[in-house]
Amino acid sequence: MMTRFSACIEMLFVPETADIAERIPLARAAGFDLVEFWLWTNKDLDAIERALGETGVKLAGMVAEPFAELTRASDHNRFLAGLEKSRDVAIRLGAPILICQSGPLLEGVERARQHDDLLTAMARSAEVLAGSGVRLALEPLNDRVDHPGYYHTSTAEGLAIVDTVNRPEIGLTYDMYHSMVMDEDPEVVLAGGLDRIFHVHLADHPGRHQPGSGQLPIKQKLAWLEAQGYAGAVGLEFVPTGSTAAALEQMRGSLGP
(Lines give C-alpha, C1' and ligand atoms only; values in the text may rest on other atoms or scores of the structure.)
Protein backbone atom coordinates (compact mmCIF):
# COMPACT_ATOMS: atom_id res chain seq x y z
CA MET A 1 0.00 0.00 0.00
CA MET A 2 1.12 3.52 -0.76
CA THR A 3 3.20 4.99 2.06
CA ARG A 4 3.66 8.64 1.08
CA PHE A 5 0.86 9.89 3.31
CA SER A 6 0.87 13.57 4.25
CA ALA A 7 -0.89 14.69 7.41
CA CYS A 8 -3.10 17.71 6.82
CA ILE A 9 -2.44 19.48 10.12
CA GLU A 10 -5.43 21.76 9.64
CA MET A 11 -7.59 18.69 10.35
CA LEU A 12 -5.35 16.15 12.09
CA PHE A 13 -3.98 16.63 15.63
CA VAL A 14 -6.49 19.44 16.17
CA PRO A 15 -7.96 17.89 19.34
CA GLU A 16 -4.43 17.48 20.68
CA THR A 17 -3.19 21.09 20.34
CA ALA A 18 -4.43 24.43 19.05
CA ASP A 19 -0.89 25.42 17.98
CA ILE A 20 -0.41 24.32 14.39
CA ALA A 21 3.40 24.31 14.65
CA GLU A 22 3.11 21.88 17.58
CA ARG A 23 1.18 19.50 15.33
CA ILE A 24 4.32 18.92 13.26
CA PRO A 25 6.22 16.97 15.97
CA LEU A 26 2.97 15.14 16.76
CA ALA A 27 2.78 14.12 13.12
CA ARG A 28 6.40 12.98 13.24
CA ALA A 29 5.70 10.92 16.37
CA ALA A 30 2.73 9.32 14.55
CA GLY A 31 5.03 8.20 11.75
CA PHE A 32 4.56 10.94 9.16
CA ASP A 33 7.43 12.27 7.05
CA LEU A 34 5.13 14.79 5.32
CA VAL A 35 2.61 17.39 6.46
CA GLU A 36 0.54 20.01 4.68
CA PHE A 37 -1.68 22.91 5.64
CA TRP A 38 -3.99 25.45 4.03
CA LEU A 39 -3.42 29.19 4.39
CA TRP A 40 0.04 30.54 5.24
CA THR A 41 -0.86 34.17 5.97
CA ASN A 42 -2.55 33.27 9.26
CA LYS A 43 0.37 31.23 10.60
CA ASP A 44 3.63 31.76 12.49
CA LEU A 45 5.99 30.85 9.66
CA ASP A 46 9.06 31.11 11.88
CA ALA A 47 7.62 28.53 14.27
CA ILE A 48 6.62 26.25 11.40
CA GLU A 49 10.05 26.55 9.82
CA ARG A 50 11.69 25.65 13.14
CA ALA A 51 9.40 22.66 13.67
CA LEU A 52 10.07 21.34 10.19
CA GLY A 53 13.82 21.70 10.70
CA GLU A 54 13.84 20.12 14.15
CA THR A 55 11.73 17.11 13.15
CA GLY A 56 12.96 16.55 9.61
CA VAL A 57 9.35 16.53 8.42
CA LYS A 58 8.83 17.93 4.92
CA LEU A 59 6.03 20.23 3.82
CA ALA A 60 4.15 18.53 0.99
CA GLY A 61 2.06 21.53 0.05
CA MET A 62 -0.05 24.51 1.05
CA VAL A 63 -2.65 26.81 -0.46
CA ALA A 64 -1.77 29.53 -2.94
CA GLU A 65 -3.21 32.74 -1.59
CA PRO A 66 -5.37 34.67 -1.98
CA PHE A 67 -8.54 32.79 -2.77
CA ALA A 68 -9.80 34.45 -5.92
CA GLU A 69 -12.43 34.23 -8.62
CA LEU A 70 -10.20 32.69 -11.26
CA THR A 71 -13.27 32.31 -13.45
CA ARG A 72 -13.31 36.14 -13.70
CA ALA A 73 -10.43 37.77 -15.61
CA SER A 74 -10.64 40.98 -13.58
CA ASP A 75 -9.56 39.07 -10.46
CA HIS A 76 -6.47 37.52 -12.01
CA ASN A 77 -3.98 40.27 -11.21
CA ARG A 78 -4.86 40.10 -7.51
CA PHE A 79 -4.33 36.36 -7.49
CA LEU A 80 -1.06 36.52 -9.40
CA ALA A 81 0.37 39.15 -7.05
CA GLY A 82 -0.43 36.83 -4.15
CA LEU A 83 0.95 33.85 -6.03
CA GLU A 84 4.35 35.51 -6.15
CA LYS A 85 4.34 35.78 -2.35
CA SER A 86 3.00 32.24 -1.96
CA ARG A 87 5.76 30.97 -4.25
CA ASP A 88 8.40 32.64 -2.11
CA VAL A 89 6.96 31.18 1.10
CA ALA A 90 6.81 27.74 -0.53
CA ILE A 91 10.48 28.03 -1.46
CA ARG A 92 11.33 29.11 2.08
CA LEU A 93 9.50 26.18 3.65
CA GLY A 94 10.47 23.63 1.00
CA ALA A 95 6.95 22.99 -0.30
CA PRO A 96 6.95 21.76 -3.91
CA ILE A 97 3.20 22.19 -4.44
CA LEU A 98 0.81 25.12 -4.14
CA ILE A 99 -2.89 24.29 -4.31
CA CYS A 100 -5.52 26.63 -5.73
CA GLN A 101 -9.26 26.63 -6.31
CA SER A 102 -11.26 28.09 -9.19
CA GLY A 103 -13.67 30.14 -7.14
CA PRO A 104 -17.43 30.29 -7.66
CA LEU A 105 -19.66 29.61 -10.61
CA LEU A 106 -20.50 33.14 -11.70
CA GLU A 107 -24.11 34.04 -12.32
CA GLY A 108 -24.89 35.66 -15.63
CA VAL A 109 -21.58 34.64 -17.23
CA GLU A 110 -21.46 31.91 -19.86
CA ARG A 111 -19.74 28.79 -18.59
CA ALA A 112 -17.49 28.69 -21.64
CA ARG A 113 -16.25 32.19 -20.77
CA GLN A 114 -15.52 31.09 -17.19
CA HIS A 115 -13.65 28.05 -18.48
CA ASP A 116 -11.52 30.25 -20.72
CA ASP A 117 -10.77 32.70 -17.92
CA LEU A 118 -9.75 29.86 -15.58
CA LEU A 119 -7.49 28.50 -18.30
CA THR A 120 -5.91 31.94 -18.75
CA ALA A 121 -5.31 32.20 -14.99
CA MET A 122 -3.43 28.90 -15.06
CA ALA A 123 -1.35 29.95 -18.07
CA ARG A 124 -0.37 33.22 -16.39
CA SER A 125 0.38 31.37 -13.15
CA ALA A 126 2.86 29.17 -15.01
CA GLU A 127 4.85 32.30 -15.87
CA VAL A 128 4.96 33.36 -12.22
CA LEU A 129 6.27 29.93 -11.18
CA ALA A 130 8.66 29.31 -14.08
CA GLY A 131 12.09 28.24 -12.87
CA SER A 132 11.12 28.27 -9.19
CA GLY A 133 10.70 24.52 -8.69
CA VAL A 134 7.23 25.19 -7.26
CA ARG A 135 4.20 23.83 -9.11
CA LEU A 136 0.54 24.86 -8.96
CA ALA A 137 -2.18 22.23 -8.59
CA LEU A 138 -5.75 23.30 -9.38
CA GLU A 139 -8.27 21.40 -7.26
CA PRO A 140 -11.75 20.28 -8.33
CA LEU A 141 -14.18 20.22 -5.38
CA ASN A 142 -17.68 18.86 -4.92
CA ASP A 143 -20.64 21.24 -4.99
CA ARG A 144 -23.09 18.70 -3.58
CA VAL A 145 -22.02 18.63 0.07
CA ASP A 146 -19.12 20.90 0.94
CA HIS A 147 -18.85 23.69 -1.64
CA PRO A 148 -22.22 24.68 -3.12
CA GLY A 149 -21.80 27.19 -5.91
CA TYR A 150 -18.23 26.16 -6.71
CA TYR A 151 -17.27 26.25 -10.39
CA HIS A 152 -14.67 23.55 -10.87
CA THR A 153 -16.26 20.19 -9.99
CA SER A 154 -15.03 18.09 -12.93
CA THR A 155 -11.73 16.23 -13.05
CA ALA A 156 -12.10 15.87 -16.82
CA GLU A 157 -12.38 19.62 -17.24
CA GLY A 158 -9.36 20.13 -15.01
CA LEU A 159 -7.25 17.73 -17.06
CA ALA A 160 -8.38 19.46 -20.25
CA ILE A 161 -7.24 22.81 -18.84
CA VAL A 162 -3.88 21.37 -17.83
CA ASP A 163 -3.42 19.84 -21.26
CA THR A 164 -4.28 23.10 -23.00
CA VAL A 165 -1.92 25.16 -20.83
CA ASN A 166 0.73 22.48 -21.42
CA ARG A 167 3.23 23.78 -18.90
CA PRO A 168 5.16 21.67 -16.37
CA GLU A 169 4.27 24.14 -13.61
CA ILE A 170 0.52 23.43 -13.87
CA GLY A 171 -1.36 20.27 -12.84
CA LEU A 172 -4.19 19.08 -10.62
CA THR A 173 -4.81 18.15 -7.04
CA TYR A 174 -7.04 15.08 -7.21
CA ASP A 175 -9.24 14.85 -4.13
CA MET A 176 -10.68 11.36 -4.11
CA TYR A 177 -13.38 12.35 -1.64
CA HIS A 178 -14.63 15.31 -3.68
CA SER A 179 -14.41 13.32 -6.91
CA MET A 180 -16.37 10.35 -5.64
CA VAL A 181 -19.00 12.60 -4.03
CA MET A 182 -19.49 13.87 -7.60
CA ASP A 183 -19.97 10.22 -8.70
CA GLU A 184 -16.64 10.09 -10.51
CA ASP A 185 -14.71 6.82 -10.60
CA PRO A 186 -10.98 7.47 -10.13
CA GLU A 187 -10.10 4.60 -12.45
CA VAL A 188 -12.16 6.22 -15.21
CA VAL A 189 -11.47 9.94 -14.79
CA LEU A 190 -7.74 9.49 -14.17
CA ALA A 191 -7.10 6.90 -16.88
CA GLY A 192 -4.14 8.17 -18.88
CA GLY A 193 -3.97 11.34 -16.82
CA LEU A 194 -1.88 10.55 -13.76
CA ASP A 195 1.13 12.44 -15.08
CA ARG A 196 -0.89 15.65 -14.61
CA ILE A 197 -1.81 14.82 -11.01
CA PHE A 198 0.60 16.61 -8.67
CA HIS A 199 -1.09 15.78 -5.36
CA VAL A 200 -3.88 13.58 -3.99
CA HIS A 201 -6.28 14.12 -1.09
CA LEU A 202 -8.57 11.59 0.53
CA ALA A 203 -11.33 11.18 3.06
CA ASP A 204 -14.25 8.80 3.40
CA HIS A 205 -17.90 9.51 2.68
CA PRO A 206 -20.33 10.27 4.18
CA GLY A 207 -18.93 12.63 6.79
CA ARG A 208 -15.46 13.39 5.36
CA HIS A 209 -13.88 11.32 8.11
CA GLN A 210 -11.04 8.79 8.14
CA PRO A 211 -10.93 5.88 5.67
CA GLY A 212 -12.94 3.03 7.12
CA SER A 213 -15.56 5.32 8.63
CA GLY A 214 -17.70 5.49 5.50
CA GLN A 215 -18.54 3.63 2.32
CA LEU A 216 -15.94 4.61 -0.29
CA PRO A 217 -13.68 1.86 -1.72
CA ILE A 218 -10.55 3.81 -0.79
CA LYS A 219 -8.25 0.81 -0.41
CA GLN A 220 -9.08 -0.39 -3.92
CA LYS A 221 -8.67 3.04 -5.48
CA LEU A 222 -5.35 3.75 -3.74
CA ALA A 223 -4.05 0.37 -4.88
CA TRP A 224 -5.05 1.30 -8.44
CA LEU A 225 -3.25 4.65 -8.19
CA GLU A 226 -0.11 2.92 -6.98
CA ALA A 227 -0.33 0.26 -9.69
CA GLN A 228 -0.59 3.02 -12.29
CA GLY A 229 2.63 4.56 -11.01
CA TYR A 230 1.43 7.51 -8.94
CA ALA A 231 4.39 8.46 -6.75
CA GLY A 232 3.26 11.77 -5.25
CA ALA A 233 1.99 12.50 -1.77
CA VAL A 234 -1.46 11.49 -0.53
CA GLY A 235 -2.83 14.10 1.82
CA LEU A 236 -5.01 12.88 4.67
CA GLU A 237 -7.55 15.69 4.61
CA PHE A 238 -10.24 14.30 6.89
CA VAL A 239 -11.90 15.16 10.18
CA PRO A 240 -11.16 12.47 12.78
CA THR A 241 -14.26 11.17 14.47
CA GLY A 242 -12.40 11.06 17.78
CA SER A 243 -8.74 11.40 18.62
CA THR A 244 -6.30 11.57 15.74
CA ALA A 245 -4.58 8.41 17.00
CA ALA A 246 -7.85 6.46 16.98
CA ALA A 247 -8.72 7.74 13.50
CA LEU A 248 -5.31 6.76 12.13
CA GLU A 249 -5.65 3.31 13.71
CA GLN A 250 -9.01 2.82 12.00
CA MET A 251 -7.56 4.06 8.71
CA ARG A 252 -4.65 1.64 8.87
CA GLY A 253 -6.99 -1.20 9.70
CA SER A 254 -9.16 -0.28 6.74
CA LEU A 255 -6.34 0.15 4.23
CA GLY A 256 -4.20 -2.75 5.44
CA PRO A 257 -0.42 -3.11 5.35
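Use the structure listed above.
Cut-offs applied
Residues numbered from 1 in each chain as written. Predicted model: local features only at pLDDT ≥ 70, side-chain atom pairs only at ≥ 80, totals over all residues. Heavy atoms only, no water. Helix = DSSP H or I, 4+ residues; strand = E, 2+ residues; numbered from the N terminus. Buried < 20%, exposed > 50% of the residue type's maximum accessible area, 1.4 Å probe, protein only. Polar contact = N/O pair within 3.5 Å; in protein donor to acceptor, adjacent residues only side chain to side chain. Contact = heavy atoms within 4.5 Å. Axes fitted to C-alpha atoms, helices over the stretch in contact; angles between N-to-C directions. Left-handed = near helix turned anticlockwise from the far one by under 90°. Nonpolar A, V, L, I, M, F, W, Y, C, P; charged D, E, K, R; others polar. Pairing = 2+ DSSP bridges. Salt bridge = Lys/Arg side-chain N within 4 Å of Asp/Glu carboxyl O. Disulfide = S-S within 2.5 Å. Lys, Arg positive; Asp, Glu negative; His and termini not counted. Arc of directions from axis to C-beta. Phe/Tyr/Trp six-rings, centres within 6.5 Å; stacked < 30°, edge-to-face > 60°. Lys NZ or Arg CZ within 6 Å of the ring centre and 35° of its normal.

**Considering the side chain of Asn142**
Part 1: Within the secondary structure layout, Asn142 lies in the loop between strand E5 (135–138) and helix H5 (155–165).
Part 2: Exposure remark for Asn142: the relative accessible area of 0% places this residue in the buried category.
Part 3: A polar side-chain atom of Asn142 sits 3.1 Å from the main-chain amide nitrogen of Arg144.
Part 4: Only 2.8 Å separates the side chain of Asn142 from the side chain of Asp146, close enough to count as a polar contact.
Part 5: For Asn142, the residues in contact, after removing those within four places along its chain, are His147, Tyr177, His178, Val181 and Met182.

**What about the packing of helix H3 (residues 76–93) against helix H4 (residues 111–129)?**
Part 1: Viewed as axis vectors pointing N to C, H3 and H4 meet at an angle of 35°, and their least axial separation amounts to 10 Å. In terms of crossing hand, the pair formed by H3 and H4 is right-handed. Counted together, His76, Asn77, Phe79, Leu80, Leu83, Glu84 and Arg87 of H3 and Asp117, Thr120, Ala121, Arg124, Ser125, Val128 and Leu129 of H4 form the full contact between these two elements.
Part 2: Tallied by class, the residues present in the contact of H3 with H4 amount to 6 nonpolar, 4 polar and 4 charged.

**A closer look at unusual backbone geometry**
Part 1: Here the bond from Glu65 into Pro66 is cis, since omega is 0°, no more than 30 degrees from zero.
Part 2: Considering the arrangement of structural elements, one finds Pro66 in the loop between strand E3 (58–63) and H3.
Part 3: Cis rather than trans, the peptide bond between His205 and Pro206 has omega equal to 5°.
Part 4: Of note, Pro206 is situated in the loop between strand E7 (197–202) and helix H8 (218–227).
Part 5: For Phe13, which is not glycine, the phi dihedral falls at a positive 65°.

**Focus on the sheet that holds strand E2 (residues 34–36)**
Part 1: In spatial order, the strands read E1-E2-E3-E4-E5-E6-E7-E8; together these 8 strands close into a barrel with parallel pairing. Taking each pair of neighbouring strands and ignoring which way they run, the sheet shows an average axis angle of 30°.
Part 2: Bridge analysis of strand E1 (residues 5–8) against strand E8 (residues 234–236) gives 3 bridges, and the strand direction is parallel. Within E8, the position partnered with Phe5 by the bridge is Val234.
Part 3: Set on the sheet, H4 makes contact with strand E4 (97–100), E5 and strand E6 (170–175); between it and E5 the angle comes to about 160°.

**Structural notes on the pattern of salt bridges**
Where side chains of opposite charge bring their charged atoms close, a pairing between them can arise.
Part 1: Inspection of every chain in the model, using the stated rule, returns 17 salt bridges.
Part 2: Between Asp163 and Arg196 there is a salt bridge, with its nearest N and O atoms 2.8 Å apart. Within this pair, whereas Asp163 is found in helix H5, its partner Arg196 is found in the loop between helix H7 (186–189) and E7, the two being separated by 33 residues in sequence.
Part 3: Between Asp195 and Arg196 there is a salt bridge whose closest N-O contact spans 3.0 Å.
Part 4: The structure contains a network of salt bridges with shared partners spanning Asp46, Glu49 and Arg92.

**Here we look at the state of the cysteines**
Part 1: Per the counting criterion, the structure on display carries 0 disulfides.
Part 2: We note that Cys8 lacks a disulfide partner, and the nearest cysteine sulfur, in Cys100, lies 16 Å from it.
Part 3: Judged by relative accessible area, which is 0%, Cys8 ranks as buried.
Part 4: Since its relative accessible area comes to 1%, Cys100 is described here as buried.

**Comments concerning the side chain of Glu139**
Part 1: By secondary structure assignment, the location of Glu139 is in the loop between E5 and H5.
Part 2: One buried charged residue, Glu139, forms no salt bridge at all, with the nearest opposite charge on Arg208 at 6.1 Å.
Part 3: Residues in contact with Glu139, not counting those within four places in the same chain, are Ile99, Cys100, Gln101, Tyr150, His152, Thr173, Asp175, His178, His201 and Glu237.

**Notes on helix H2 (residues 45–55)**
Part 1: Every buried residue of H2 is accounted for by Leu45, Ala47, Ile48, Ala51 and Leu52. Relative to the axis of H2, the buried residues are bounded by an arc of 160° and lie together on one face. Away from its buried face, by an angle of more than 90 degrees, H2 presents the exposed residues Gly53 and Glu54.
Part 2: Against helix H1 (23–29), E2, E3 and H3 lie the buried residues of H2.

**Comments concerning the packing of aromatic side chains**
Part 1: For the structure on display, the rule yields 1 aromatic pair.
Part 2: Each ring, one from Phe13 and one from Phe32, has its centre 6.4 Å from the other, and the planes form 85°; the classification is edge-to-face. Here the residue Phe13 occupies a position in the loop between E1 and H1, and Phe32 occupies one in the loop between H1 and E2, the gap between them amounting to 19 residues. Each member of the pair, Phe13 together with Phe32, is buried.
Part 3: The ring of Phe198 has Arg135 lying over it, and the distance from NZ or CZ to the ring centre is 3.8 Å.

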